[in-house]
Amino acid sequence: MKNLLFFLSCLFLFSIAVNADDSDSGRVYIKVGEANVKKSLIAVPPLLFLSSPAGAPNFKQVGSELFNTIVNDLEVSNLFTMIKQTAYLEDTSKVGLTPAPGASNGFHFDSWSKIGAEFLVRGGYKIEDEDSLEVELYVYYVPQAKLVLGKKYIAKISETRHTAHTFADDLMKALTGKQGIFRTKFVVASDRAGNKWREIYVMDWDGRNIIQVTNHHSISLSPAWSPSGKTVSYTSFAYHPGLKTRNPDLFTYDIFSGKRFLVSSRVGINSGSTFSPNGNNIFLTVSHGADPDIYKMTLEGDDLEKITNGPKGSLNVEPAVSPDGKKVAFSSDRSGSPMVYIMDVNGSNVKRITFAGHYNSSPSFSPDGKKIVFAGQDKDHFDIFTMNIDGSDMQRLTSAKGANGHMANNEDPSFSPDGRHIVFTSNRAGRNQIYIITVDGTNERRITVDNYNYFKVKWSPYLN
């Protein structure tokens, strides 16, 4: 539990502005709201070690982890093109972090403007003892020789990656005026525990720091984040001694306390949960001795309210509530095969919004509520699609072949909190692994690289 607390809070990280008066804090340099954002050329030289190597034998490892994490974050942002170090005109190991002539050993902006750099990141770090890290980072807008961001981060060595993610988030805010996603997490079901079990795990968005949060020794599935990111809900096939059987019960798990709560153990299905935007209610599918329908309940499992009503014999599953709390998208086979529908939050005005393909499922709203992403079966495989909430402007994002030459399945999509990326699972590598892609279908990246399977991944809200 101690490790999980640290993993999600990183409470000891501290940052202070450096030369804040020189920064151009009010300007937006990159307008990410515009379509087809032009990528900016950025130079990110290796960070300088500013302490005595004799006092920190692990300094190279720490510096490498800081540098690689920052570069990976910036590449995934899809806003930058990295300038290769072979193109640099200055030996960055021999000049300081601030420019000449103000600094006697400072770098020269001309050396960077000549190679077309729009942004330059200069940084250094100190390790004063076994578990004390100080990182100093500057970002310059080269065309105007201006400081965009200057900060010093004080943390523990164990918080090296979190420090790098924090800087990347700060840089996104400084350049775009919008919050970065690099301290967000994924929650996902996986067979990592073996024995054909599936447990729930939380990990950094880049697949690192994987923590198991359930230990039911059973099948746990369909996790979801609360709006605050402090709680996850999930379903697990829990054993009921009185009935001598297992039942898919709904649980919530408090990330910070480590406490688990049984929300609904009604006989039958209690699954596919999602939170209301205010965090006060949970929507889920409950069968309760009848056809599976979507219900709303409190976090304690009380005040059960039926939202969908059949038709008889149909499945109504996978509810997703719009960010404004007014609409619910869901999957239903009421038309014969599973399709995506949308309705008012009280169950009225039900409208089918997908008609193509054989099987459409797992709808999820974009953070602005204007788009829905879902998994759609086309011929013999699933791909990820986006559409407007009325079903118009449908776009396919994925298409990949597996090692066997057959088309791969791409499923379980979920938007990032900034709405610019989508996480999903794919079996293209043989196992069900986690991938991300930008909303325009570019910059696809594999996140997990192992021999396990992952299911129903969900991207967290902002956690800071």
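Bear in mind that the values here come from a model prediction, so they are computed numbers and not experimental data. (Residues numbered from 1 in each chain as written. Predicted model: local features only at pLDDT ≥ 70, side-chain atom pairs only at ≥ 80, totals over all residues. Heavy atoms only, no water.)

Participant: When you look at helix α2 (residues 59-76) in this model, what are you seeing that I'm missing?
Facilitator: Two residues of an α-helix separated by three or four positions point the same way, owing to the 3.6 residues in each turn. With 18 residues, α2 should cover 26 Å at 1.5 Å per step; its first-to-last C-alpha distance of 26 Å lies within 8% of that length. Considered for burial, the residues of α2 that qualify are F59, V62, G63, L66, F67, T69, I70, V71, D73, L74 and V76. One or two positions beyond α2, positive phi appears at N78, with a value near 65 degrees. (Helix = DSSP H or I, 4+ residues; strand = E, 2+ residues; numbered from the N terminus. Expected span 1.5 Å × (residues − 1). Buried < 20%, exposed > 50% of the residue type's maximum accessible area, 1.4 Å probe, protein only.)

Participant: Any chance you could explain the sheet that holds strand β28 (residues 421-426) here in plain terms?
Facilitator: Strands belonging to one sheet form pairs held by backbone hydrogen bonds; the direction of such a pair is parallel or antiparallel. Pairing is antiparallel across the open sheet formed by 4 strands, whose spatial order is β27-β28-β29-β30. Looking at the sheet topology across the chains shown, the edges are occupied by β27 (410-415) and β30 (445-446). Strand direction decides the pairing type here: β28 and strand β29 (residues 433-438), joined by 6 bridges, are antiparallel. Residue pairing in the sheet places S426 in a bridge with Q433 of β29. (Pairing = 2+ DSSP bridges.)

Participant: Looking at this structure, I do not really get the nonpolar core. What am I missing?
Facilitator: Taken as a class, soluble globular proteins show a tendency for nonpolar side chains to be buried jointly. F80, Y125, I127, F167, F186 and I434 are the most contacted members of the largest nonpolar core, which totals 52 residues. Setting aside chain neighbours within four positions, we find I434 in contact with F186, V188, M203, V423, F424, R445, R446, I447, T448, Y454 and V457. (Core = buried A, V, L, I, M, F, W, Y, C linked by side-chain atoms within 4.5 Å. Contact = heavy atoms within 4.5 Å.)

Participant: Can you help me understand the pairing of strand β12 (residues 231-240) in this one?
Facilitator: Most of β12 sits out of view: 8 of its 10 residues are buried. Bridge count for strand β11 (residues 220-225) against β12 is 4 bridges, and the pairing is antiparallel. Its bridge partner being in β12, A224 is matched across the sheet by S233. Examined bridge by bridge, β12 and strand β13 (residues 245-254) share 10 bridges and lie antiparallel to one another. Among the inter-strand pairings, T235 is bridged to a residue of β13, identified as L250. Hairpin connection of β12 to β13: 4 residues between the antiparallel strands, including K244 at a positive phi of 55 degrees.

Participant: Help me understand the sheet that holds β12 in this model?
Facilitator: The 4 strands are arranged β11-β12-β13-β14 in an open sheet whose pairing can be described as antiparallel. A strand with exactly one partner marks an edge of an open sheet, and here the two such strands are β11 and β14 (260-264). On average, each strand axis in the sheet is inclined to that of its neighbour by 35 degrees, with strand direction left out of account. Both β13 and β14 contribute to a ladder of 4 bridges, which runs antiparallel. The residue bridging L250 from the neighbouring strand is S264, located in β14. (Axes fitted to C-alpha atoms, helices over the stretch in contact; angles between N-to-C directions.)

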